[in-house]
Amino acid sequence: MKELYISLDTWGHKELKDYLMSLEGIFEVNIEDTNKLDVYLKYNSNLITPKIIKMEILLFLNVVKIPSLLSFNKYPEFKTLNYTIVRDDLCCEYCFKGAIDDLFEIEGIEQVESNFNEDYLSQNYEDREKIKINIKYNPNLIDSDTMKQIELNLNI
C-alpha cells in the first residue's frame with residue numbers, strides 16, 4: 001500500500017472524500033480544508049497511479065486548467081536526495097503553481113515543498129524572502145545534472 005499527499009490552493013468539496021473512496025485502488029482518504037486543501041490518501045499502486053489520482057482530484061474540483069498544486073509527497077520507500085531551488089523573486093503565483101505541477105509529473109521526483117505562501121506577492125519587494133523549493137528525488141532515475149536542467153526549464 002502506497003501513500004500520497006497533495007496540497008492544493010483551492011476550496012474543498014464535501015463530496016471529494018466519498019468520490020475518491022469510490023475509485024478502485026484507494027483505501028483511505030483524509031482531507032483537511034483550511035486555507036488550502038490538503039489531501040492524504042493510501043492506495044494500491046497496482047490499481048491506480050499518483051498521476052491518475054491527481055487528475056481525478058483536479059477534475060472533480062473543476063480546476064484542471066488552473067494551476068493549483070502547492071506541494072506534494074509521494075512517500076517513497078527508498079532513500080532520496082535533496083535539491084533546492086532558490087529564487088529571489090517569482091514571476092507570478094500562476095507560474096509557481098504550474099512549476100510545482102510540472103515537477104509532480106516528472107518520474108523520480110518524489111516530494112516538493114516550499115516556503116511560498118499566499119501573502120508573498122502582496123508584500124513589498126524589499127520585504128520578501130527568497131523562495132526556496134525543496135525537492136526530493138530518486139537518484140536511481142535522476143542525477144544532479146538532470147535536476148539542474150529541470151530547474152532551468154521551470155517557468156518560475
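All figures in this text were calculated on a predicted structure; none of them were measured in a lab.

Reading the values: the criteria
Residues numbered from 1 in each chain as written. Predicted model: local features only at pLDDT ≥ 70, side-chain atom pairs only at ≥ 80, totals over all residues. Heavy atoms only, no water. Buried < 20%, exposed > 50% of the residue type's maximum accessible area, 1.4 Å probe, protein only. Helix = DSSP H or I, 4+ residues; strand = E, 2+ residues; numbered from the N terminus. Pairing = 2+ DSSP bridges. Lys, Arg positive; Asp, Glu negative; His and termini not counted. Salt bridge = Lys/Arg side-chain N within 4 Å of Asp/Glu carboxyl O. Polar contact = N/O pair within 3.5 Å; in protein donor to acceptor, adjacent residues only side chain to side chain. Contact = heavy atoms within 4.5 Å. Axes fitted to C-alpha atoms, helices over the stretch in contact; angles between N-to-C directions.

Visitor: Go over the pairing of strand β1 (residues 2–8) with me, naming the residues and quoting the values.
Guide: Taken across its 7 residues, β1 has 5 buried, putting it largely inside the fold. As defined by bridge partners, β1 adjoins strand β3 (residues 37–43) across 7 bridges and the pair is classed as antiparallel. Each bridged residue has a counterpart across the sheet, and for Leu8 the counterpart in β3 is Leu37. The sheet contact formed by β1 and strand β4 (residues 69–73) spans 4 bridges and is antiparallel. Opposite Ser7, over in β4, you have Ser71 as the bridge partner.

Visitor: Can you tell me about the side chain of Lys74, naming the residues and giving the values?
Guide: You can see Lys74 is positioned in the loop between β4 and β5 (81–87). One buried charged residue, Lys74, forms no salt bridge at all, with the nearest opposite charge on Glu110 at 5.5 Å. A distance of 2.9 Å separates a polar side-chain atom of Lys74 from the backbone oxygen of Phe104. Beyond its immediate chain neighbours, meaning those up to four positions away, Lys74 contacts Glu3, Leu4, Phe104, Ile106, Ile109 and Glu110.

Visitor: Help me get a handle on the sheet that holds β3, residues and values and all.
Guide: Taken in spatial order, the 7 strands line up as β2-β3-β1-β4-β6-β7-β5 in an open sheet, and their pairing is antiparallel. Both edges of this open sheet fall to β2 (26–33) and β5, since each of them pairs with a single strand only. For this sheet, the mean inter-axis angle between neighbouring strands, taken without regard to orientation, is 20°. Alignment of β5 against strand β7 (residues 131–137), held across 7 bridges, turns out to be antiparallel. In the sheet register, Asn82 faces β7, and the bridge partner there is Lys136. Its contacts with the sheet place helix α2 (residues 50–61) against β1, β2, β3 and β4, and it is angled at close to 35° to β1.

Bear in mind that shape data such as this cannot, by itself, settle questions of function.
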